[in-house]
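# Coordinate analysis (summary)
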Amino acid sequence: TGELFFDGKPLDSLSAKDSASLIGYVMQQPEEQIATDKVWHELAFGLENQNLPQGVIRRRVAEMASYFGIEDWFLSDVSALSGGQKQLLNLASVMVMQPKLLLLDEPTAQLDPITASDFIATLKKLNRELGLTIILIEHRLEEVIPICDRMLVLEEGRLAEIDSPRAIASRLSPDAPLMQAM
């Protein structure tokens, strides 16, 4: 139980449009988030639903395709993409909306280790270059903890810790389950 706030306002006070454009979300299963048949259309889909002018849509789609390095498969059918490409497309499709906050629910769960590392590196790049706030739920702690500046630890549905990873690690006993995971 509790309340969620975004930018100082209760989350439920945001309009559907603001919620969809200001808060980006990437799911665990890449296939479940894709809504269209072509890569370029998936990138444009959210912007089209916002009824933005075609020129704005084209510019943002081109910028995101370039930023994410997906120009080579821009015209491809999404069904022809690998799992890693689909997840990268999901991330690019969210980022084209220019969110202030990016939420990711175990986005690397279905990816092989190399693709997962590349995906996490992309998140670090987004945070560093765009100043994007990212909240990531992840089991690959060994790759995520070194790049995060704040860590929230939940135990039995309650917030147990919120601090820098180093500060949290210094307070945990060596045999704590979280220490074993790290």
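Structure: see above.
A quick note: this is a predicted structure, and the numbers were derived from the prediction, not measured.

Here the focus is the overall build of the chain. Helix and strand counts for the chain come out as nine helices and seven strands. Expected size for 182 residues packed as a compact globule is a radius of gyration near 16 Å; at 18 Å, the chain falls within 12% of this value. Over its C-alpha atoms, taken along the principal directions, the chain stretches across nearly 55 × 40 × 30 Å. Expressed as a percentage of the 182 residues in the chain, the buried residues total 38%. A separation threshold of at least 6 residues defines the contact pool for the chain, and within that pool the share at least 24 residues apart is 60%. Accessible surface, the chain as shown: approximately 10900 Å² in total, 52% of it carbon and sulfur.

On to empty space enclosed by the protein, then. Once rolled over the atoms, a probe with the size of a water molecule shows which space is left empty. Across all of its chains, the model carries one cavity of 30 Å³ or more by this definition. Taken as a whole, the largest cavity encloses approximately 30 Å³ of empty space. Arg60, Glu63, Met64, Met95, Val96 and Gln98 are the residues that line the largest cavity. Of all the elements, helix α4 (residues 54-67) adds the most residues to the lining of the largest cavity, at three residues. When grouped by side-chain class, the residues that make up the lining of the largest cavity number three nonpolar, one polar and two charged.

Now for the pattern of salt bridges. Within this structure, the stated rule accounts for eight salt bridges. Put simply, lysine 100 and aspartate 7 hold a salt bridge, and the shortest N to O gap is 3.7 Å. Note that lysine 100 is positioned in the loop between α5 (83-95) and β4 (101-105) and aspartate 7 in the loop between β1 (5-6) and β2 (9-10), a separation of 93 residues in sequence. By relative accessible area, aspartate 7 is classed as exposed at 56%.

Rules of the game
Residues numbered from 1 in each chain as written. Predicted model: local features only at pLDDT ≥ 70, side-chain atom pairs only at ≥ 80, totals over all residues. Heavy atoms only, no water. Helix = DSSP H or I, 4+ residues; strand = E, 2+ residues; numbered from the N terminus. Rg over C-alpha atoms; globule rule 2.2 N^0.38 Å. Buried < 20%, exposed > 50% of the residue type's maximum accessible area, 1.4 Å probe, protein only. Contact = heavy atoms within 4.5 Å. Areas by Shrake-Rupley, 256 points an atom, 1.4 Å probe, with all protein chains shown as cover. 1 Å grid on protein atoms, 1.4 Å probe; cavity = no way out; pocket = protein on both sides within 12 Å on 5 of 7 lines; lining within 4 Å. Points joined across faces, edges and corners; volume = space filled by probe spheres on them. Nonpolar A, V, L, I, M, F, W, Y, C, P; charged D, E, K, R; others polar. Salt bridge = Lys/Arg side-chain N within 4 Å of Asp/Glu carboxyl O.

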